[in-house]
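# Observations on the model geometry
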Amino acid sequence: MPAGNLDISAAISFNGASPTDVLRVLKSAGIETISYTTYLRHRRELIDPTIYNYWRLHQKEMFDEMKSKETGLILGGDGRSDSPGHCAKYGSYSTMELSANKIIDIQMVQKNEVTSSNAMELEGLKRSLKCLEDSKLEIKTIVTDRHPSIQKFLRLSKKHVKHEYDTWHVAKGFKKKILKLIKSCPELAPWVKSIINHIYWSASSSKDDKPEMIVAKWLSICNHIKNKHTGHEDKLFPKCAHETKRNRGQNKKKWLKPKSKAYDAFCELAQNKRLLNDVKKLSPGNQTSNIEAFHSLINQFAPKRLHFSYIGMLTR
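Residues numbered from 1 in each chain as written. Predicted model: local features only at pLDDT ≥ 70, side-chain atom pairs only at ≥ 80, totals over all residues. Heavy atoms only, no water.

### Quick notes on the confidence of the model for the chain
Mean pLDDT over the chain: 91, with 97% of residues reaching 70 or higher. Element-level pLDDT for the chain is lowest in helix H13 (residues 310-315), with a mean of 90, against a maximum mean of 95 in helix H3 (residues 36-66). (pLDDT = per-residue confidence, 0-100. Helix = DSSP H or I, 4+ residues; strand = E, 2+ residues; numbered from the N terminus.)

Structural data, given as structure tokens:
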């Protein structure tokens, strides 16, 4: 086999380029090149097996390195489907060691292996945790989104693992509810950004505190938006952290009136029992944003508009 032929196939694969587009350009420029069928044969017989085997060797090296960690692993996990809709055929679950910022495991699940496409994310997590535990790695914390089945699985089957939520997912869900509420309570519109920022601050400022402190800080927003900054009901956080004296001229947002429709509706949302349970489990320092960035990178190699074989999707 001419080395250049394999080099072209490898270059196309490793750059996430479209093989049909690249080969068409070369032929249009009058450059002798391989056919699309040859490219597929190179991938099937040489490139894909090499990628898979190299990943396994690299993964083993990472596992050996992380076995020396005495504090246990701090993991972040998130799933990705091969379709933007609800008819995905493949689902991949990526697990990152957040303190090292390294992807340490990727599990591929096909829809016919589980009951539905929605169940692929949980199955991917189960396989990933089993892989890590079989390799004698100790898991201390895992940060995920609020997937209901994942919550239940970790709560019942992995009681020794601390489960935390990514703040962005909680903030995103709450923001949708506020924006829906603004239609009937427009007075809340100027407060949306501050309220969402307060969710992030409540978690990030509580690294060494108990979960109840995160809830206390979050609920202080109900006092703050009505211009009450001291004497909060929760003794864990009796006053706002900002300076008490505020210049009204610098504050462009109008304080909400107590017992007004907008104030009561917002407090009902903020004090929702389910939301408070989620806020209590917010991760103070570790988030899954880097995994989201990794999944964005994968889109270059495995676009959601195209279909691939199982091994093709896995290696991409």
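### Overview of the nonpolar core
Core analysis: the biggest nonpolar cluster contains 33 residues, and Phe-174, Leu-188, Ile-195, Trp-218, Phe-266 and Leu-282 have the highest contact counts within it. When contributions to this core are tallied by element, the ones reaching two or more residues are helix H6 (167-182), helix H7 (192-204), helix H8 (211-219), helix H9 (221-224), helix H10 (261-270) and helix H11 (273-280). Once residues lying within four places of it in the same chain are set aside, the contact partners of Ile-195 are Phe-174, Ile-178, Trp-218, Ile-221 and Phe-266. In terms of nonpolar packing, the next biggest core, distinct from the first, is built from 19 residues, Tyr-93, Ile-104, Leu-122 and Ile-150 among them. (Core = buried A, V, L, I, M, F, W, Y, C linked by side-chain atoms within 4.5 Å. Buried < 20%, exposed > 50% of the residue type's maximum accessible area, 1.4 Å probe, protein only. Contact = heavy atoms within 4.5 Å.)

### As for helix H5 (residues 148-157)
Those residues of H5 that fall on the buried side of the exposure criterion are Ile-150, Gln-151, Phe-153 and Leu-154. Elements in contact with the buried residues of H5: strand S2 (90-97), helix H4 (120-134), strand S4 (139-144) and strand S5 (162-165).

### Some remarks on unusual backbone geometry
Non-glycine residue Asn-101 carries a positive phi angle of around 60°. Here Asn-101 is to be found in the loop between S2 and strand S3 (102-110). Look at Asn-101 and you get partly exposed, because its relative accessible area is 44%. Its identity as a non-glycine residue notwithstanding, Asn-227 has a phi of 70°, on the positive side. The residue Asn-227 is located in the loop between H9 and H10 in this model.

### Here's the deal with the layout of surface pockets
By volume, the largest pocket amounts to about 1100 Å³. In terms of lining, the largest pocket is formed by 43 residues, of which the most central are Arg-43, Phe-301, Gly-312, Thr-315 and Arg-316. A per-element tally of the lining of the largest pocket places H3 first, with 13 residues. In the lining of the largest pocket, the residues fall into 25 nonpolar, 11 polar and 7 charged. When its volume is computed, the second largest pocket comes out at roughly 820 Å³. Lining the second largest pocket are 33 residues, and of these Asp-78, Gly-79, Ser-81, Glu-121 and Asp-145 sit closest to its centre. Among the elements of the structure, strand S1 (73-81), S2, S3, H4, H6 and helix H12 (289-301) are those that each provide at least two residues to the lining of the second largest pocket. Counting residues per element, the lining of the second largest pocket draws most heavily on H6, at 5 residues. Residues that form the lining of the second largest pocket fall into these classes: 7 nonpolar, 17 polar and 9 charged. (1 Å grid on protein atoms, 1.4 Å probe; cavity = no way out; pocket = protein on both sides within 12 Å on 5 of 7 lines; lining within 4 Å. Points joined across faces, edges and corners; volume = space filled by probe spheres on them. Nonpolar A, V, L, I, M, F, W, Y, C, P; charged D, E, K, R; others polar.)

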